[in-house]
Amino acid sequence: MPDHHSHVDGARVLADLHALRAIGAYKTGVHKPTFSEPHIRSLHWLTERLPEAGLTAEIDGIGNVLGTSSKPGPKLLAGSHLESQNYAGWLDGPLGVIYALEAARVINADPAAPGAIEVAAWCDEEGHFGSFLGSRSYIGGVTEADIDAARDRTGGRAMRDALREAGLAGRTRAVCERGRHIGYLEAHIEQGQTLEDSGLKIGVVTSIVGIWQYRITFTGEQNHAGTTRMADRKDAGLALARFCVAIDDRFPAHCGPRTVWTNGRIALDPGAPSIIPGSAEMLFQIRDDDPAVIARLEGLLRSMAVEVSAHGPCTVGVECIRTGAPAIMDASFQSAIEAASTAVACGKSIRMPSGAGHDAQVLATVMPAAMLFVPSIGGISHHWTENTEEADIVTGAEVYVDACRRLLRGSGHDGSR
Ligand SMILES: [Zn+2]
């Protein structure tokens, strides 16, 4: 029997995912915001499973679950997250955690397999209290002051209070021991339709897009909506609307094949029906995996603002309020996932960027990191109807575990026969 043969127990993977789905169930999905009772219960559920995989489990001082191994040899860090968006799906996060658990159960107990899988469930990937707080804490990127300031964006609860109520106050936060891991592997549902539309089963993630955000402000003149003649107006709201349309007209000639842009929020000041807005503001976001494309589009945005301001009657200012370099996934890890797909999924894989953010982009700053996607039915996610065919979940687990074995053996190529 070839040594890459998978011993994944598909029924066990599905049973574990359904067990997590039952904790905080909402319709066919879950409602499991960070530090809610069902989220905490899910963390404890995982810590009770990890010893089955030969791992010592702990929940650290920011709510990360970590399973560490004393098996000699190389160690691969594997995981995802357990909390959900509000009233959302059952697979976003848990899929990657259960794949990691299954890989650990299969590989750590096998004396013939070199090395071990260490499992992580990163806290608050969904950003209820901040931005990737759990994984950023693990790489040393979160201060105590950051935690003091963090509040739940829905209910306003302070993170300190949430940690105390969860019994986690005063615990130390686990920090990555440099050099301990050969890298990090995360599986996730695609949350889009590329795999489903192409009939493929595995997405080999090439990069996680960077997100750039801008505050674009329009300054005109506030005045009476009844007495100010049309020709005399300096309507900042109208200038904003025209600018939005101009972006959609001009960006396509300068963007990349997968660039996306969104005007996510508009505010008019003072925002009353009988007052011409004196100022207006929009929050505008661009995502791409190529910083050169972003630079080009930002340049275009600024030159459009200069043109509009010169032409009048309103002036436009562009302020960059968030930059995020794209995370490039490790090339040899991508090869290992592709080789595993060839071995156990008839090669039904495709290389693709991730348009959504994931903890892997944080881990990628300190170690080689990679991701694989499984299909999402209808591309739906962040909604309780989110789902994946059970056969696809099992295929994904088999590819994942096979890729883990290849990575622990030392290269993405030595397993392909
Ligand atoms: Zn997720």
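Look up: the structure comes first, before these words.
Residues numbered from 1 in each chain as written. Predicted model: local features only at pLDDT ≥ 70, side-chain atom pairs only at ≥ 80, totals over all residues. Heavy atoms only, no water.

Remarks on the overall build of the protein
Summing up its helical and strand segments, the protein has 12 helices and 17 strands in all. Relative to its length of 417 residues, the protein is compact, with a C-alpha radius of gyration of 24 Å against a globular reference of 22 Å. Summarising its shape, the C-alpha atoms of the protein cover approximately 85 × 50 × 40 Å along the three principal directions. For the protein, contacts bridging at least 24 residues in sequence account for 78% of all contacts bridging at least 6. Accessible area for the protein stands at about 17,000 Å²; split by element, carbon and sulfur atoms hold 53% of it. On the protein, the mean spot of the 38 positive side-chain charges and the mean spot of the 50 negative ones are 1 Å from each other. (Helix = DSSP H or I, 4+ residues; strand = E, 2+ residues; numbered from the N terminus. Rg over C-alpha atoms; globule rule 2.2 N^0.38 Å. Contact = heavy atoms within 4.5 Å. Areas by Shrake-Rupley, 256 points an atom, 1.4 Å probe, with all protein chains shown as cover. Lys, Arg positive; Asp, Glu negative; His and termini not counted. Charge placed at Lys NZ, Arg CZ, Asp CG, Glu CD.)

A few points about the nonpolar core
Ranked by internal contacts, the top residues of the largest apolar core, which has 71 residues, are Ile117 and Tyr400. The contacts of Ile117, once residues within four sequence positions are left out, are Leu55, Leu76, Ala78, Ala100, Ala103, Ala104, Ile107, Asn108, Cys404 and Leu408. (Core = buried A, V, L, I, M, F, W, Y, C linked by side-chain atoms within 4.5 Å. Buried < 20%, exposed > 50% of the residue type's maximum accessible area, 1.4 Å probe, protein only.)

Topic: the coordination of the zinc ion
Under perfect tetrahedral coordination by four donors, a metal shows angles of 109.5 degrees; under perfect octahedral coordination by six donors, it shows angles of 90 or 180 degrees. Around the zinc ion, the protein supplies His81 (NE2), Asp92 (OD) and His188 (NE2) as donor atoms, at distances of 2.0 to 2.2 Å. Spacing between the donor residues of the zinc ion along their common chain follows H-x10-D-x95-H. Within this pair, whereas His81 is found in the loop between β5 (75-80) and α3 (94-108), its partner Asp92 is found in the loop between β5 and α3, the two being separated by 11 residues in sequence. Classification of Asp92 by relative accessible area gives buried; the value is 5%. (Donors = N, O, S within 2.8 Å, 3.2 Å for Na, K, Ca; no water.)

Brief notes about a negative patch on the surface
A cluster of like negative charges, contributed by Glu196, Asp197, Glu389 and Glu390, occupies part of the molecular surface. Secondary-structure assignment places Glu389 in the loop between β17 (369-374) and α12 (390-409). Classification of Glu389 by relative accessible area gives partly exposed; the value is 48%. (Patch = residues over 30% accessible without salt bridge, like charges linked within 9 Å, V, L, I, M, F, W, Y side chains within 5 Å. Salt bridge = Lys/Arg side-chain N within 4 Å of Asp/Glu carboxyl O.)

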